[in-house]
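Given next are the chains, with one letter for each unit.
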Amino acid sequence: MKAELIEKAYAVAKDRYAAIGVDTDAVLEQLQKQQISLHCWQTDDVVGFERNDALSGGIQTTGNYPGRARNIDEVRKDIEFVKTLIAGDHRPNLHEIYGDFGGQFVDRDQVEVKHFQSWIDWAKENNMKLDFNSTSFSHPKSGELTLSNPDKSIRDFWIEHTKRCRRIADAMGKAQNDPCIMNIWVHDGAKDMPVQRKKYREILAASLDEIMEEKLDGVKNCFEAKLFGIGLESYTVGSHDFYTAYCATRKQMFTLATGHYEPTENVSDFVSTLLMYVPELMLHVSRPVRWDSDHVTIMNDQTLDLFKELVRADALNRAHVGLDYFDASINRIGAYLVGTRATQKCILQALLEPKAKLREYEDNGQNFERLALMEEAKSMPFGAVFDYFNLKNNVPVGEEYIAAIQQYEKDVTSKRN
């Protein structure tokens, strides 16, 4: 797409938005600073480098598209390529099973910072910052219960694992001079109806409290709730109500995972209440087609509403944005680009909303005017602004990235099978 056409379209869009009180240049400056946490597990279907086993523990990757990353070098190569196609600076997000174990088996209660030192060095070389996750699934000791397990030996194993993960994240944060966001999610639950629900939640809370006793300045922890897991349909220990209460009382960051709610729920409705009681939010953005199917994020109403609510609440600076889907049915690198760009588009359209005028209408009780302007804002030329954003960052504009990914598949991923 010719640069002069993009610039002309942006000039027109800029004037259109100025007429409703929106400064597009200021919006683009804000979008430029918005980092997105890129989930490394999209490259290899959440297999990791520990056991080379398929995913288990209440979650499942579906699809068998060729070209899965098979080792640490291929995962990094894929992320490096993705980085060249996305405007802005973004953060690779690692699970513990992606450690650099040097071909040796390291059990999860023995993992150390040294197993991630090469990741820290690689991120610095590539001008990126890291986020992190403990990994409680896909392990012989996972079972149905980990941190909420009444068996002390099993519970202590996972407590030690999570403590060590916090230290790894702390080292990452200190090395990059920016806190590493570490997410804690456990699949704990039951396939059929338990009669001691409170017992397991009390154990989980005690385990988390013990994990969080160590004060670490380089890491910010967040806690992810879930509706249910595959094979764990009747009861989830770390439910939404559990973690809402836990994060509110402990003043911890809440992970709002868009795939972990009923399909009819609009996750944006939870934002304003959560922000009253927790310091920050971590967003795991995916697309649930049938509950937690983790399809690639697209620019749909649910994702757009989520970011509009954050912007309307002046709270985008209190939210960390990450992706969390694992689609093995299509080109995995293409899935990265579609999801990341869709998220950026949603953030951009939310920032381009004429917030000041809408608030004025609402404060004056002018509800027709508010609704009318909200509707008109939907068809404003935000696409021209997004094209200009990509042009300024010297990355493909519009559908141009499709050819780049097709070439990468031809040259790189197709040769992995």
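Below: a short report on this structure. Fair warning: this is a prediction, and the values are worked out from it, not measured in the lab.

Attention now goes to the pattern of salt bridges. All chains considered together, the criterion is met by 25 salt bridges. Across the salt bridge formed by R332 and D45, the nearest N and O atoms sit 2.9 Å from each other. One end of the pair, R332, is in helix α10 (residues 332-351); the other, D45, is in the loop between β1 (36-39) and α3 (72-83), and 287 residues separate them in sequence. Here R332 and D45 have matching classes, each one buried.

With that settled, the discussion passes to the side chain of N93. With respect to the element layout, N93 can be found in strand β2 (residues 91-95). If near-sequence neighbours (up to four positions away) are discounted, N93 is found in contact with S37, L38, H39, C40, W41, D131, F132 and N133.

For the rest of this paragraph, the subject is the sheet that holds strand β10 (residues 319-323). Each strand in a sheet pairs with another by means of backbone hydrogen bonds, the pair being arranged parallel or else antiparallel. With parallel pairing, the eight strands of this closed barrel are ordered in space as β1-β2-β3-β4-β6-β8-β9-β10. Strand-to-strand, the axes of this sheet are offset by a mean angle of 30°, without reference to chain direction. On top of the sheet, helix α7 (residues 240-250) reaches β6 (219-224) and β8 (253-257); it is set at about 155° to β8, its chief contact.

The next point concerns the packing of aromatic side chains. Evaluation of the coordinates by the stated rule reveals 14 aromatic pairs. Taking the centre distance of 5.0 Å and the plane angle of 85° together, the rings of F157 and W158 count as edge-to-face. For F157, a relative accessible area of 4% gives the class buried. Ring plane angle 85° and centroid distance 4.9 Å describe the contact between F242 and Y243, whose orientation is recorded as edge-to-face. The residues F242 and Y243 share a single accessibility class, namely buried. Taken together, F223, F242, Y243 and Y246 form an aromatic cluster joined through their ring pairs.

What counts and what doesn't
Residues numbered from 1 in each chain as written. Predicted model: local features only at pLDDT ≥ 70, side-chain atom pairs only at ≥ 80, totals over all residues. Heavy atoms only, no water. Salt bridge = Lys/Arg side-chain N within 4 Å of Asp/Glu carboxyl O. Helix = DSSP H or I, 4+ residues; strand = E, 2+ residues; numbered from the N terminus. Buried < 20%, exposed > 50% of the residue type's maximum accessible area, 1.4 Å probe, protein only. Contact = heavy atoms within 4.5 Å. Pairing = 2+ DSSP bridges. Axes fitted to C-alpha atoms, helices over the stretch in contact; angles between N-to-C directions. Phe/Tyr/Trp six-rings, centres within 6.5 Å; stacked < 30°, edge-to-face > 60°.

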